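So the chains spell out like this:
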Amino acid sequence: MNNFELYNPTRLVFGEGQIAKLKDLVPKQARVIMVYGGGSIFKNGIYEQVKAALEGFTVTEFGGIEANPHYETLMKAVELIRSEKLDFILAVGGGSVIDGAKFISAAVHFEGDTKEILYKRMSIRENAVPFGSVLTIPATGSEMNSGSVVTIAATQEKLPFGGPALFPVFSICDPKVIISLPKRQLQNGVVDAFTHVMEQYLTYPADAYLQDRFSEGILQTLVEIGPKVVEQPDNYTLAANFMWSCTMALNGLIQKGVPTDWATHMIGHELTALYGIDHARTLAIIAPNLYKVLFSAKKEKLAQYGRRVWNIQGDDTETIAREAIRKTEEFLDIMGMDRKLANHTPDYAQTADIIVKRFEARGWVKLGENGIVTPDKVKEIVELSY
Ligand code: NZQ
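Residues numbered from 1 in each chain as written. Predicted model: local features only at pLDDT ≥ 70, side-chain atom pairs only at ≥ 80, totals over all residues. Heavy atoms only, no water.

Here we take up the side chain of Ser215. If you trace the backbone, Ser215 turns up in helix 8 (residues 209–231). The buried category is assigned to Ser215, whose relative accessible area is 1%. Once residues lying within four places of it in the same chain are set aside, the contact partners of Ser215 are Val197, Tyr201 and Ile254. (Helix = DSSP H or I, 4+ residues; strand = E, 2+ residues; numbered from the N terminus. Buried < 20%, exposed > 50% of the residue type's maximum accessible area, 1.4 Å probe, protein only. Contact = heavy atoms within 4.5 Å.)

Right, let's get into unusual backbone geometry. If you check the backbone angles, Trp262 has positive phi at about 70° while not being a glycine. With respect to the helices and strands, Trp262 occurs in the loop between helix 9 (236–249) and helix 10 (263–275). We classify Trp262 as partly exposed; its relative accessible area is 21%. Notably, Asn311 is not glycine yet its phi reads approximately 55°, a positive angle. You can see Asn311 is positioned in the loop between helix 12 (295–310) and helix 13 (317–334). Asn311 gets classed as exposed once you look at its relative accessible area, which sits at 56%.

Below, the discussion takes up the sheet that holds strand 2 (residues 31–36). Read across the sheet, six strands follow the order 1-8-5-4-2-3 without closing on themselves; strand pairing throughout is parallel. Lying at the two open borders of the sheet, with one neighbouring strand each, are strand 1 (11–14) and strand 3 (58–62). With strand direction ignored, the average angle separating the axes of adjacent strands in the sheet is 20°. By the bridge criterion, three bridges tie strand 5 (residues 131–135) to strand 8 (residues 170–173) in an arrangement that is parallel. (Pairing = 2+ DSSP bridges. Axes fitted to C-alpha atoms, helices over the stretch in contact; angles between N-to-C directions.)

A few words now on the environment of Val230. Following the sequence through the fold, Val230 ends up in helix 8. With relative accessibility at 9%, the residue Val230 sits in the buried group. Considering only alpha carbons, one finds Val230 and Pro182, 48 residues apart in sequence, at a separation of 8.8 Å. Residues in contact with Val230, not counting those within four places in the same chain, are Lys183, Leu186, Gln187 and Met335.

Our next topic: the confidence of the model for the protein chain. Averaged over every residue, the pLDDT of the protein chain is 97; the share at 70 or more is 100%. Reported for the predicted complex are a pTM of 0.97 and an ipTM of 0.99. (pLDDT = per-residue confidence, 0-100.)

Here we take up the packing of helix 14 (residues 351–361) against helix 15 (residues 375–385). Where helix 14 meets helix 15, the axes come as close as 9 Å, and the angle between the chain directions of the two elements is 150°. With respect to helix 15, the axis of helix 14 lies roughly antiparallel. Helix 14 and helix 15 meet at a crossing whose hand is right-handed. In this structure, helix 14 contributes Thr351, Ala352, Asp353, Ile355, Val356, Phe359 and Glu360 to the contact, and helix 15 contributes Pro375, Val378, Lys379, Val382 and Glu383. Here the residues of the contact of helix 14 with helix 15 sort into seven nonpolar, one polar and four charged. (Parallel < 35°, antiparallel > 145°, perpendicular 65-115°, else oblique. Left-handed = near helix turned anticlockwise from the far one by under 90°. Nonpolar A, V, L, I, M, F, W, Y, C, P; charged D, E, K, R; others polar.)

The structure is reproduced here in structure tokens:
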């Protein structure tokens, strides 16, 4: 097991009816900016719950943060905070709104060109505006981590950044919010969380027995509840287990002391930036092909995953590992993912070359655990996804 530090200051408030606790969680004298997305919160009662809990607070509202939040939109919120001297951000939404709040938080006091936060993939350690969140869609884990991904619309680039100053002060997770989610978003949430675990687990054996069991436990839970929660979002037991699995999949715990991959995400972000494909669906397109291309490096862990998560029997590592990839593909299909890039965009033919060029220009030539995802591998993975 590798050495590690665990730091996670987010107060997670979980359960039905917990949005009312906002009145105790938001600092009393705060001048609040409430940021939200395209308007779903007005149709499902979440806006009313938030406003009721914040009665007596000074609240300025800023809506219109799009899925895969745009730098251009977020900078308007930054200007508003600066001009109105607001000092607390409340994000009410999913990964996009919470990630957006993280960028806003980092940019308000940033001196210089705020695009540098993205281009230099800065680690924000201080001077961030405090923020909390009310989660409306389980998927990303952004409610309990310090990472964020922001799209520069003008150049079609989707770039990650983060830092220890960007943990939410609190996040409220009420599983009831999933009732209003369209099936597509429920499917996305399950697949996003599943892939988060795989990015932190499916590398090579690292003698981290507990982390492996945590990861396998989350994967097994998602396999068990994923297909059901999509059909029954009003089932509280399923909703609660779904929501907690998504948070646990990316709140930092399972990645401590182990190697991680993240190449599926980095390639996937390009597919969103280029073609607007939902984040989770890009992961489903890329992940199984990445496991195939990097089979020799990942086969031991693939076989462990096959045995423990899918209960595949046998003695031959390679056979079990290949069957584990097949089971993964089958699960992604059950979760409604279309894993063929050509079915998402007619412009797929040059995608591998475009992505390789972009990665090389950014110096991203050794992604994945031990830098094994080199440009030639990226090309192979993406071409296999056509
Ligand atoms: O914008 P509104 O109108 O609110 O609609 C949203 C949006 O259209 C809708 N929605 C959210 N809650 C709802 C609802 N509709 C009905 N009822 C509700 N309760 O769902 C749509 C998708 O929302 P979004 O926030 O984009 O989804 P998600 O949580 O999947 O976030 C995706 C973003 O997070 C980033 C992704 O790259 C993407 O930009 N990620 C962030 C990560 C992190 N910070 O750690 C890790 C992830 O892997 C991911 O990269």
